[in-house]
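Remarks on the overall topology
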Amino acid sequence: MKFLQRLGKSMMLPVSVLPVAAILMGISYWINTATGGENIVSAFLGAAGGALLNNMALLFAVGISIGMATKSDGTSALAGLVSWLVVTTLLNPTTVAIFKGLDDVEMVPAAFGQIQNVFVGILCGLIGAYSYNKFKDTKLPDALAFFSGRRSVAIVAAFFAIILAILLFFIWPVVYAGLVAFGEWIVNLGFFGAGLYGFFNRLLIPFGLHHALNSVFWFDVAGINDLNNFLAGTGTYGVTGQFMTGFFPVMMFGLPGAALAMYVTADSKKKKVVYGLMLSGAVSAFLVGVTEPLEFAFMFVAPVLYLIHAIFMGISLAVSAILPVRMGFGFSGGFIDLFLNWTNPMAQNPWIILLMGIFWFVVYFLVFRWVILKFKLKTPGREDDDLEVSEDAVAQSGSKDEGYLRTGAAFIDALGGKANITDLDNCATRLRLELADVSRVDEAALRRAGAAGTMKPGGKSFQVIYGLNAQFVKDAMERLMSGEATAPTSAPAATPAGDVLVEAPAAVQVKLRQPVAGEVVALETVPDPTFAGKVMGPGVAIEPTGDTVVAPADATVAMVFKTGHAVALKLDDGTELLIHVGLDTVDMGGDGFETLVTKGEHVLAGTPLLRFDAAKIRAAGHPTVTPVIVMNNKAAEIVFV
């Protein structure tokens, strides 16, 4: 699921440019139709919008290669572009004709005329990102040193793209032919067939395969020719248009209703950003029927919503086929086409579309809002903050960024310099390092720079206990060591705000609901010196028998971790609490864990926070004992009631 969330977020980069392009194309089409022919204004606007819409798959190849790469510097984008060029060139009809030994390009299977689709764009983008992530640090022999590091990425991507092209050479025609055959089969199913077509039309959008299905119903592949017959006014009144009519109410009204639902359910601090995305997408869908900006906003991050959307589209086409209403389009099912074709001889009761649209607006809004809230879906503005924090965002965070850079610089010096750090990672509260020489560490300097403690697991491993913001210090250290950032000239802060224990004047009981079912054990018995030694703070531990961690009191979620193994809370009384499921479970990379809340969310006692699979934890060789730690009061004593 986290892969799909990240993929969905990566798609926002290319999707964000589509609404303006769609509107330009729509206005061009409107002017062209209204004036009865081509003119310089419509041609200019159409070319500008078409430059993006007609190359949408290429935009996805580049955008995904950027978004899915770690700390991409543009090299991944080049790799994605190279992958796209290799695949689409090898599989274009002219090249395929040579491969097959055909004299006439018209003899090439029609599938290869549709190879430049979003599905292939996504695959090429993933190739670009993978090549960057795996090979950006490749070191070659001196004779080939020029091609080392980032220069090797595009070369590797081209190699993978060739493999993909070979696979698609055999697979793609079969897939395409299967879709066409499927479309021909459902033609004779009446209104039910129209509904099936609408349903599968939307399901195929993420892969760009809907064009194969559309060709059966809109053009003369199976003798229907719905689109051309409608525009020419030569079809059968009451029949022609039945495979287009149902798109109008969903595109013009239903999806804007979904956009409103995603906006109202977004976190308040993110509403401004979500507003811009949803508004532009809704305008694009309403005016010209270009729905990708909205659909790609949730199809991967919340697939259940997209399945609901596909079902609704199928119902809309089925109902439209039953009702005495017919309408068609030349571009898509938006207001411009509805307005221009209102008086078409094949148009039947077009005013019913407006009534249907109001109905679908309400249905989409209510259903999407309920499903988002009920299942805590990560639609735009509701993403986990660990997915939101990017290197660019940290770089722009002002004084906080400077604080992490100062702390990171001090840590690097205290750890013996960047040359002594051979590997750097972090878990919920600590930095995990591999050092060339552990004896070079200055533990006193680490504490002065803000470390709450240190730990030596053995060998060349070393850990710096820091606190809930360990991730940001790790990011700052990586930027400093790579040369992407420089340490501030001012002296490092003695301690990082919010990450050290605050001395309490007297012992105080913190009464909590037990966050997970199981046997309560003393913190001192936990086989981890950081927890057992109360370096992070006092608390207790639980040997769990349940599989769900719930809020032990009313609180605000202070931090969630991308691996799902821990959660930090700030209780309503100000107590800061860390619940850490198992020991060293960050090494599992999220396998066996599911986060159920987001940072900043206010929860009531008993609200599920995360789920875990104890069997997977034990199978990975980690203890399941779960420490519950008070982070900001050394004298606190946890009592479960």
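Quick caveat, the model's predicted, so the values are computed rather than measured.

Before going further, it helps to examine the packing of aromatic side chains. Here the structure, examined in full by the defined rule, presents 33 aromatic pairs. Summarising the aromatic geometry, the rings of tyrosine 197 and phenylalanine 247 are spaced 6.0 Å apart at their centres and angled 75° between planes, so their arrangement reads as edge-to-face. Pair noted here: tyrosine 197 is in helix H9 (residues 190-203) and phenylalanine 247 is in helix H12 (residues 247-264), with a separation of 50 residues, a long-range link. A relative accessible area of 1% places phenylalanine 247 in the buried class. Residues phenylalanine 199 and phenylalanine 200 carry aromatic rings whose centres are separated by 5.1 Å and whose planes lie at 75° to one another, so their mutual orientation is edge-to-face. Judged by its relative accessible area of 26%, phenylalanine 200 falls in the partly exposed class. Over the ring of tyrosine 263 we find lysine 271; its NZ or CZ atom is 5.7 Å from the centre of that ring.

What follows covers the pairing of strand E3 (residues 453-458). Pairing analysis gives four bridges linking E3 to strand E4 (residues 461-465), with the strands arranged antiparallel. Across the sheet, the residue bridging to threonine 454 is valine 464, located in E4. Between E3 and the antiparallel strand that follows it, E4, lie two residues; glycine 459 among them carries a positive phi value of about 65°.

This part takes up unusual backbone geometry. The residue asparagine 225 is not glycine, and still its phi comes out positive at about 55°. Relative to the elements of secondary structure, asparagine 225 occurs in the loop between helix H10 (210-218) and helix H11 (226-232). Overall, the relative accessible area of 13% leaves asparagine 225 in the buried class. The phi dihedral of asparagine 349 falls on the positive side, at around 45°, and the residue is not glycine. Checked against the element boundaries, asparagine 349 lands in the loop between helix H16 (335-340) and helix H17 (351-374).

Burial within H10 is extensive, with eight of its nine residues counted as buried. Here H10 has its buried residues at His210, Ala212, Leu213, Asn214, Ser215, Val216, Phe217 and Trp218. Residues of H10 that are buried in the fold lie against helix H8 (151-186), H9, H11 and H12.

With that settled, consider the packing of helix H7 (residues 118-135) against H8. Axis separation between H7 and H8 bottoms out at 9 Å; the angle between their running directions is 145°. Considering how the two elements wind past one another, H7 and H8 form a crossing that is right-handed. Here H7 contributes Val120, Leu123, Cys124, Ile127, Gly128, Tyr130, Ser131, Tyr132 and Phe135 to the contact with H8, which in turn contributes Ser152, Val153, Val156, Ala157, Phe160, Ala161, Leu164 and Leu168. Looking at the contact of H7 with H8 residue by residue, the classes come out as 14 nonpolar, three polar and no charged.

Let us look at the UniProt feature "active site" (unreviewed entry) in the protein. The sites that UniProt annotates as "active site" (unreviewed entry) are Cys427. Its location among the elements puts cysteine 427 in the loop between strand E1 (421-426) and strand E2 (430-435). Cysteine 427 has contacts with Arg432, Ala470, His565 and Val586, leaving out every residue within four places of it along the chain.

Residues Phe159, Ile162, Ile163, Ile166, Leu167, Phe170, Ile171 and Val175 make up a contiguous nonpolar surface patch of roughly 750 Å² in combined accessible area. Mapped onto the elements of the fold, phenylalanine 159 is located in helix H8.

The rules behind the values
Residues numbered from 1 in each chain as written. Predicted model: local features only at pLDDT ≥ 70, side-chain atom pairs only at ≥ 80, totals over all residues. Heavy atoms only, no water. Phe/Tyr/Trp six-rings, centres within 6.5 Å; stacked < 30°, edge-to-face > 60°. Helix = DSSP H or I, 4+ residues; strand = E, 2+ residues; numbered from the N terminus. Buried < 20%, exposed > 50% of the residue type's maximum accessible area, 1.4 Å probe, protein only. Lys NZ or Arg CZ within 6 Å of the ring centre and 35° of its normal. Pairing = 2+ DSSP bridges. Contact = heavy atoms within 4.5 Å. Axes fitted to C-alpha atoms, helices over the stretch in contact; angles between N-to-C directions. Left-handed = near helix turned anticlockwise from the far one by under 90°. Nonpolar A, V, L, I, M, F, W, Y, C, P; charged D, E, K, R; others polar. UniProt positions renumbered as here; feature names shortened; annotations may be inferred. Patch = residues over 30% accessible without salt bridge, like charges linked within 9 Å, V, L, I, M, F, W, Y side chains within 5 Å. Areas by Shrake-Rupley, 256 points an atom, 1.4 Å probe, with all protein chains shown as cover. Salt bridge = Lys/Arg side-chain N within 4 Å of Asp/Glu carboxyl O.

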